[in-house]
Amino acid sequence: MGSDAAREQRLKQLIQVHEVKLLRMCYMLLQDKALAEKAVQETFYKAYQDMEQFYEESSEKIWLMKIAVNSCKDMWHAVKERHKTPDMLPKAALPFEKKDEALILAVMALPLKLREVVLLHDYQDMSASEIAQTLGIPSWAVARRIKAAVKELETILEGGKSHG
Amino acid sequence: MDEKELRERLYHAVDTRLSGLEADPWLAERVIAHGRESKNVKKKISVGLVWMIVLMLIAVTALAVAAWRDFAPWIAQTEHDEGDFINWPAEKKQIVIEALAEHEFIEKTEEIQALCEGRLNQDEASRMADEAAKAFVGNENICFMNIMQAAWGPFDDWSDEDRAWYSQVMDDTGVDQSDKTVYAVPAGNVSRDEAAAIARKSVAEACQVDENVLDAYRMTVNYQLPEFREPGDEQPYWYVVLEAPRNMSDKLFSDIELFVHPETGELLETASEILSARKNIPVPPDNQLFREIRTYEEKAKEMGAYTFGEWPLELKAVYSKEITPKVQAIVESGDLTELMNCGQPDMRVVAQSSSIYGIPQNGMMTQEEAFQVASDALAERYAIPHDLFEEYDEIAVYYDVTDEPLWKFVFNPKSLPVEKLKGGYDDPLFQMCYRAEVDAGTGQIVCVEEFPFETGKWTLEYMKKWY
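Summary of the structure given here.

What counts and how
- Throughout this description, residue numbers start from 1 for each chain and increase along the sequence as written.
- Whichever chain is written first becomes A and whichever ligand is written first becomes 1, with later ones labelled in order.
- Side-chain atom pairs in this predicted model are given and counted only at pLDDT of 80 or more, local residue features only at pLDDT of at least 70, and totals for whole chains, interfaces and linings cover all residues.
- To obtain the side-chain values, all non-hydrogen atoms of the structure were included, while hydrogens and water were left out.
- Strands qualify as paired when DSSP identifies two bridges or more between them.
- Numbering of helices and strands runs from the N terminus; a helix is a DSSP stretch of H or I covering at least four residues, while a strand is a stretch of E covering at least two.
- Contacts are residue-level and defined by heavy atoms, with any inter-residue pair within 4.5 Å sufficient.
- By convention, the term buried area covers the 1.4 Å-probe accessible surface removed from two parts as they join, with the contributions of both added.
- Take a side-chain nitrogen of Lys or Arg and a carboxyl oxygen of Asp or Glu: if they are within 4 Å of each other, that pair is a salt bridge.
- Residues adjacent in sequence count toward polar contacts only when both atoms are side-chain atoms; beyond that, a polar contact is any pair of N or O atoms within 3.5 Å, and within protein one must be able to donate a hydrogen and the other to accept it.
- Exposure categories follow from relative accessible area, calculated using a 1.4 Å probe and restricted to protein chains: below 20% of the type maximum is buried, above 50% is exposed, and the middle band is partly exposed.

1. Describing the sheet that holds strand β1 (residues 182-183) of chain B
Residue and element names in this part refer to chain B.
In step 1: Taken in spatial order, the four strands make up an open sheet running β1-β2-β3-β4, and their pairing is antiparallel. For this open sheet the edge positions go to β1 and β4 (255-260), each flanked by a neighbour on one side alone.
In step 2: Where strand β2 (residues 218-225) and strand β3 (residues 237-243) come together, seven bridges link them in antiparallel fashion. Along β3, the bridge assignment pairs Arg218 with Glu243.

Have a look at this one:
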């Protein structure tokens, strides 16, 4: 990457494209608004510091998601409240249906390993191969975790079961 | 709910229910300002480590197929990059256990399930993965080869293709293959059975026996690059070994190895050439001096001591009295014929006669007291963890009475248990010998030194450091 100005310009573009979705994903991973904001800032800071790295990688999104997921994992130990109830979620800016809220809470009740795969696959719209690169696990493991997550979500949504 | 429905619902649900989580208009400015503040500050190691891990994870992209053969190279690569399994990050250990369970090599117990789903914290996950891996390989040494043997059976029973795959994995991983057997997938006009027949015929001719006589010998055949090939020579051969059973009396040979060219059927060396070359191998000296030395060595072995340094002090003292003067006289005469062993003077014999050894008299420091002083001094001088000195399995101990009595200790690094070393086989402590001398009268340290362990370069100067 060239000058500081060019790096700053690139950072602003990255933030514009990815910030909101990253923030919501980090929130669902960390279950805490302040920690999620911190993880997002940390992600963009690391990206800004190592902007050259991106040019050696195949995908901007994989590169950024790797940093974000790793930042969240670094902070996971700080998460104290791992059970969320509807009133603990941040206030919504748009109208929503109860079933949306239930699904959010169900995903947040999944084990971290399943949750990160679901969020990357179904919210960040990444393929199994991209997720494999992001998490450093084999593709078959991604596919298996997605299947396990769907099964687990059905159980949670139908039976009210919840993981800590 | 299926996967498609989940994707549609989740996307919508997150962007409505979590719509309150919005962009921070000052984020870019804060990140840039933070970057400027840190510009002149050296990057934290943690950032570097995170990137090393990220880069390493990129290497995992080829793992798209579920077959164990396709996954296993990831273990080899990770071992190459991270070192011993025991020191891997929990996340990576977990992947191995998950794969073993996935391929039904291990049972998916509740604990393994919890590990695979990430429901354990880092420490628990790491411990659980270690336990599961140890149970799988059947011993404490969790490494790629042991995992593969636990999965596929003993290496000797693997097919030629599996062995070739293993060599290719090692090559791809970046392991130096120059001193290792490199296997290949059989190719060429000569089949395995034809190669075995060619080798048998050659051996029978060389030994002037009927081929049926060789039925009593165990034959192994595989396809590999000869170990002593010329650099750049990548021609694989059929490798045929004939071994005599251990309890066979009146055997033709203990074992013989032949290489058969897969295209021409020619032998790299015939059995006659190999057996005649063996006749020219120098044999250990059989003069009076060496016979006497061997008597001492046999006595020491009966006591469980295999190196001179480990011999009991009493035996060393008698050796010093009986043998050392003879060796010193030969050295002083300048005619070293009697000391010749395999074409050159036996430096080991000369070195162990370079001092006079005795046994401590009353009033002198005991071995335990001297050991304490020696290990304290070495620990302080070379910043070695003090408790490490208890871990050496081979410590040469001498009571040297050449002049003022000295206690001497030499620590053999190759006798350290590797699992106790942070860097495993590459740990500097595994390469460095330590030596200390303590005045047995005053308890003062006379000398502490470290020197690299040498293999094969046994000069008199190096050998003397061990005595």
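2. Focus on the interface of chain B and chain A
In step 1: Tallying the contact residues gives 59 residues for chain B and 68 residues for chain A.
In step 2: Taken together, both faces of the contact between chain B and chain A bury some 6000 Å²; the carbon and sulfur share is 62%.
In step 3: The interface formed by chain B and chain A contains nine salt bridges.
In step 4: With its nearest N and O atoms 3.8 Å apart, the salt bridge here joins Lys73 of chain A to Glu91 of chain B.
In step 5: Counting the contacts that link chain B with chain A gives 19 residue pairs in polar contact (both at pLDDT 80 or more).
In step 6: Of all the secondary structure elements, the ones that give two or more residues to the side of chain B that touches chain A are α1 (3-17), α2 (27-38), α3 (45-58), α4 (68-82) and α5 (90-102) of chain B.
In step 7: Here the side of chain B that touches chain A gets twelve residues from one element, more than from any other, and that element is α1 of chain B.

3. Digging into the pattern of salt bridges
In step 1: As enumerated under the stated definition, the model contains 34 salt bridges over all chains in all.
In step 2: Measuring nitrogen to oxygen at the nearest pair gives 2.2 Å for the salt bridge that ties Arg192 of chain B to Asp160 of chain B. One end of the pair, Arg192 of chain B, is in helix α10 (residues 192-207); the other, Asp160 of chain B, is in helix α9 (residues 160-173), and 32 residues separate them in sequence.
In step 3: Accessibility expressed as a relative area gives 9% for Asp160 of chain B, which makes it buried.
In step 4: One salt bridge connects Glu292 of chain B with Lys326 of chain B, and the closest N-O pair in it is separated by 2.7 Å. Separated by 34 residues along the polypeptide, Glu292 of chain B in helix α12 (residues 288-302) and Lys326 of chain B in helix α14 (residues 324-333) bring together distant segments of the chain.
In step 5: With a relative accessible area of 36%, Lys326 of chain B lands in the partly exposed category.
In step 6: Taken together, the shared-partner salt bridges connect Lys73, Lys113 and Glu116 of chain A together with Glu91 of chain B into one network.

Read these as geometric descriptors, not functional statements.
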